[in-house]
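Each chain, letter by letter, is given below.
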Amino acid sequence: AGGPAKDVKAKEGLWESAQLTWKELNEPPFDDDQCYAALAVKYRLETIEATKECMQSPDKKVRDWAAEERSEALLELLPNIEKGDAGLIWSYWMVRWGRIFKSPRLRASLPALAGVFNLAFVAVFLRLSLPRLLAMQSMGDLGEFSKELGLPGRDELAAYLAYADGFNFPTKFAAFTGIFAVEKVLLIGEFIPFGVILPTISPALFGSVFAGTIVTATSSTIASSCNFYLGRYYLSDKVKLFSLPGQPAIGDAGWFKAIYRRFDSKNYPSDPNAPLLERIPEGFKSMLLMRLAPLLPIPVDGHWYVAGTTPVRYWEFFAAHFIGTLKVALLDAYLGSLLLQAVTDNSELGETTKTLVITETLALILLSVIVTNVATNVFTQLLAEEGVTMEGMIGLSEGEDAGANAADKIWLAVDAREKEKTEKSVRDSEEKKNDSDSDGGVKGPV
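Residues numbered from 1 in each chain as written. Predicted model: local features only at pLDDT ≥ 70, side-chain atom pairs only at ≥ 80, totals over all residues. Heavy atoms only, no water.

Colleague: It is not clear to me how the overall build of the protein chain should be interpreted in this structure. Could you clarify?
Modeller: Across its full length, the protein chain holds 19 helices and zero strands. Burial statistics for the protein chain: of 446 residues in total, 40% are counted as buried. In the protein chain, the proportion of contacts linking residues at least 24 apart, taken out of those at least 6 apart, comes to 73%. Split by element, the accessible area of the protein chain, about 25500 Å² in all, is 63% carbon and sulfur. (Helix = DSSP H or I, 4+ residues; strand = E, 2+ residues; numbered from the N terminus. Buried < 20%, exposed > 50% of the residue type's maximum accessible area, 1.4 Å probe, protein only. Contact = heavy atoms within 4.5 Å. Areas by Shrake-Rupley, 256 points an atom, 1.4 Å probe, with all protein chains shown as cover.)

Rendered as structure tokens:
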């Protein structure tokens, strides 16, 4: 089944494939969805709609009945924290997401999603930033615009420079590395953007774009080495037993077994007479790809803890991390140098200078995206050679049966709720009938 699907996908154009994938992910529409979870939601929505007129009835009993039915329908649709019930709407969306994740088209498209995301990011960036860049009249304008990019603004950068001006190189380098180490060991880089701020101010602290790039790559690699050594000598078992919600323990995951084998250069001996590039150790090449494209389903700085639990040699880790960090460090240092000019230079920009600034900035961003996309594709192929697909890495292929079981559980929960409601209705009817029979079949006035 995989072969024909791939052939069809190959014959489709990129745009056509994207359209068909989007259409498949949105099918069927809610109104046409006949799964039990959807029908349960529709029934409650119809109940709410049907009771609107009854709420306006002059008969108080009718209004009370309508209010009770409406309230009961809303309670079943929405989450109930006290009872620990997620509600029918959430149950329906879990069923729908389970259906989406089992889509063959989505699974086949997963390796390309990172590339599409990067391209979309560039497109949005160009749409939002290019008009502002073209409208710059001085480097000071760039300092104001930088705030919108999440970079230090002109005043903030000036404050950093004033504070650091009195320190010598060893002190600044030690502080730089120490801040990076705290960020990486505590895994707080996802929340506090030290990884953006420090490389951006590096040219100002160390004198040039080149010096800032080298210092950033070196400090970041030394800091990541802390994670590496903690993972290798102190936290190896804890790292392997760690798991995120919905994921197996790291040590049991298919992707971990794949990189564990791939990071061991002894598994891939090279011919001493082969060309130089073919003699590069496999552990270094695989580690470099992971640094350029950190795709594992864990926090980015968690990758270095995991690397420590594998057979990769430290020099392979250090060299690969250092080289892989140069890409981001160079881009951030270049942008930082522009911000430094924004602090010290308010002169008007000539058209040639403005064009050069814009061209260099966009070229570096595009180069970074291209490198990341290439690394993503190669790393994905590397894992595929080890029998690990992208969907398997994030728990979809392994979770196909699990996903079906989860959907079945949701459906069974809905069935149980419906069954309980039906049984209650039957019991109420029987009780009314028994009451009527005990009264001789004669009903009193309502």
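Colleague: For this particular structure, what's the right way to read a nonpolar patch on the surface?
Modeller: A cluster of nonpolar residues, Leu 74, Leu 78, Ile 89, Trp 93 and Trp 97, forms a patch on the protein surface that exposes about 470 Å² of accessible area. Examining the composition of the nonpolar patch, we find that three residues originate from one element, helix α5 (residues 88–101), more than from any other. (Patch = residues over 30% accessible without salt bridge, like charges linked within 9 Å, V, L, I, M, F, W, Y side chains within 5 Å. Salt bridge = Lys/Arg side-chain N within 4 Å of Asp/Glu carboxyl O.)

Colleague: Please explain helix α13 (residues 254–262) as it appears in this structure.
Modeller: Note: α-helices contain 3.6 residues per turn, so residues at a spacing of three or four share the same orientation. Within α13, the full set of buried residues consists of Trp 255, Phe 256, Ala 258, Ile 259 and Arg 262. The arc that holds the buried residues of α13, viewed along the axis, is 160 degrees, so those residues lie on one side. (Arc of directions from axis to C-beta.)

Colleague: Looking at this structure, how should I read the packing of helix α3 (residues 36–54) against helix α4 (residues 60–77)?
Modeller: How two helices sit against one another is set out by the angle between their axes and by the gap between those axes. Their axes nearest at 9 Å, the elements α3 and α4 cross at an angle of 155 degrees. Relative to α4, the element α3 is oriented roughly antiparallel. Considering only the axes of α3 and α4, their crossing is left-handed. Touching Val 41, Arg 44, Leu 45, Thr 47, Ile 48, Thr 51, Lys 52 and Cys 54 of α3 are Val 62, Arg 63, Trp 65, Ala 66, Glu 69, Arg 70, Ala 73, Leu 74, Glu 76 and Leu 77, all from α4. (Axes fitted to C-alpha atoms, helices over the stretch in contact; angles between N-to-C directions. Parallel < 35°, antiparallel > 145°, perpendicular 65-115°, else oblique. Left-handed = near helix turned anticlockwise from the far one by under 90°.)

Colleague: Even after reading the chapter, I still don't get the pattern of salt bridges, so can you show me in this structure?
Modeller: For the structure shown, the criterion picks out seven salt bridges. With a shortest N-O distance of 3.0 Å, Arg 262 and Glu 282 are connected by a salt bridge. Here Arg 262 is found in helix α13, whereas its partner Glu 282 is found in helix α14 (residues 282–292), with 20 residues between them in sequence. Each member of the pair, Arg 262 as well as Glu 282, is classed as buried. Taking the shortest distance from any N to any O, the salt bridge between Arg 313 and Glu 316 comes out at 2.6 Å. For Arg 313, a relative accessible area of 38% gives the class partly exposed. Of the residues examined, Glu 316 reaches a relative accessible area of 0% and is grouped as buried. A network of salt bridges, in which partner residues are shared, links Arg 262, Glu 282 and Lys 285.

Colleague: Just to check I follow, could you spell out the environment of Phe 263 for this structure?
Modeller: Mapped onto the secondary structure, Phe 263 falls in the loop between α13 and α14. Residue classification places Phe 263 among the buried residues on the basis of a relative accessible area of 0%. Through-space distance from the C-alpha of Phe 263 to that of Met 287 is 6.9 Å; in sequence the pair is 24 residues apart.

Colleague: For this particular structure, what's the right way to read the side chain of Thr 221?
Modeller: Among the structural elements, Thr 221 can be located in helix α11 (residues 209–233). Among the residues examined, Thr 221 registers a relative accessible area of 0% and is labelled buried. Among the polar contacts made by the side chain of Thr 221, one reaches the side chain of His 321 at a distance of 3.0 Å. Aside from chain neighbours lying at most four places away, what touches Thr 221 is Phe 318, His 321, Phe 322 and Thr 325. (Polar contact = N/O pair within 3.5 Å; in protein donor to acceptor, adjacent residues only side chain to side chain.)

None of the figures reported here should be taken as evidence of function without further support.
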